[in-house]
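Coordinate analysis (summary)
Here's the letter readout for the chains.
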Amino acid sequence: VLTERVALAEEVYPVAEWPLALHRHYSRREIVAAIGFVKPGSKGVTPQGGILQLKGEKREVLFVTLDKSAASFSPTTRYRDYAISRTLFHWETQAAASRDRPSGRRYLDSPHNGWRFYLFVRTTPDAAYAFLGQALFHSATGDRPIGITWRLEHAIPGALFVQFATLAQG
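One structure accompanies this document, and this report is about it. Keep in mind that what you see is a predicted model, and the values were worked out from it rather than measured.

Quick notes on the pattern of salt bridges
Applying the stated criterion across every chain, the model contains six salt bridges. The residue Glu17 makes a salt bridge to Arg59 at a minimum N-O spacing of 2.8 Å. Residue Glu17 is located in the segment before β1 (25-26), and its partner Arg59 is located in strand β3 (residues 59-65); the two are separated by 42 residues in the primary sequence. Put simply, Glu17, Glu57 and Arg59 are held in one network by salt bridges that share partners.

Written as structure tokens, this is what we have:
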């Protein structure tokens, strides 16, 4: 209960077109409506995957669930995602993404190809997502999946960092 009452120093809206405040918590339905994927009055389907591409805008939303011990996660979807520091986040692509395929190149070439990535992270499948803002490519290792380290434009607040860095990996 007290976690919901913790005040942040200021409200930052990193994407002018999105009414989503940095480090605030949102449901998946709230996110897809706020980014314009689902239009008001329409019966849009809420995507269930870990990524949502907005191709016309060259933006991609990354939905990350850290605790993958739930039965809904198969061994092939238990990616290792975690905060490394308050400004670095380790994320693994979907297993089909390869360094040699467009799916992987989109991430690896993002400093120069115009694609922008936005990170939404939650601890468990039942929790709301915290909006961590834009994630900038920092480095990568491996293939299928590719382990990507993102540099966050805005540092993760201490309370969120403790949750996102220490959660036991499934």
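As for the pairing of strand β5 (residues 88-92)
Judged by how many residues are buried, β5 sits mostly within the fold: five of five residues are covered. Side-chain alternation along β5 places Leu88, His90 and Glu92 on one buried face and Phe89 and Trp91 on a second face that is also buried. Alignment of strand β4 (residues 82-83) against β5, held across two bridges, turns out to be antiparallel. The residue bridging Ala83 from the neighbouring strand is Phe89, located in β5. Taking the residues between adjacent antiparallel strands as the criterion, β4 and β5 are bridged by four residues.

Observations concerning the packing of aromatic side chains
In this structure the tally under the stated criterion is 11 aromatic pairs. Between the aromatic rings of Trp18 and Tyr118, the centroid separation amounts to 4.9 Å while the plane-to-plane angle is 65°, which identifies the pairing as edge-to-face. Remark: Tyr118 occurs in strand β6 (residues 116-122) and Trp18 occurs in the segment before β1; sequence separation between them is 100 residues. Of the two residues, Trp18 and Tyr118, both sit in the buried class. Ring geometry for Trp115 against Phe117: centres 6.4 Å apart, planes inclined by 25°, an arrangement best described as stacked. Across the pair, exposure class does not vary: Trp115 and Phe117 are buried alike. In this structure an aromatic cluster arises from ring pairing among Trp18, Phe63, Tyr118, Phe120, Tyr129 and Phe131. A cation over an aromatic ring shows up here: Arg106 above the ring of Tyr107, its NZ or CZ 4.9 Å from the ring centre. Sitting over the face of the ring of Trp115, Arg106 holds its NZ or CZ atom 5.7 Å from the ring centroid.

With respect to the pairing of β3
Here is the key point about a regular strand: its side chains alternate between the two faces of the sheet. Within β3, seven of the seven residues are buried, which leaves it mostly tucked inside the rest of the structure. Every second residue of β3 is oriented toward a common face, with Arg59, Val61, Phe63 and Thr65 on one face and Glu60, Leu62 and Val64 on the other, all of them buried. Pairing geometry for strand β2 (residues 51-54) and β3, over four bridges, is antiparallel. Counterpart to Leu52 in the pairing with β3 is Val61. Looking at chain direction, β3 and β6 are connected through seven bridges and run parallel. Of the residues in β6, the one forming a bridge with Val64 is Val121.

Procedures and definitions
Residues numbered from 1 in each chain as written. Predicted model: local features only at pLDDT ≥ 70, side-chain atom pairs only at ≥ 80, totals over all residues. Heavy atoms only, no water. Salt bridge = Lys/Arg side-chain N within 4 Å of Asp/Glu carboxyl O. Helix = DSSP H or I, 4+ residues; strand = E, 2+ residues; numbered from the N terminus. Buried < 20%, exposed > 50% of the residue type's maximum accessible area, 1.4 Å probe, protein only. Pairing = 2+ DSSP bridges. Phe/Tyr/Trp six-rings, centres within 6.5 Å; stacked < 30°, edge-to-face > 60°. Lys NZ or Arg CZ within 6 Å of the ring centre and 35° of its normal.

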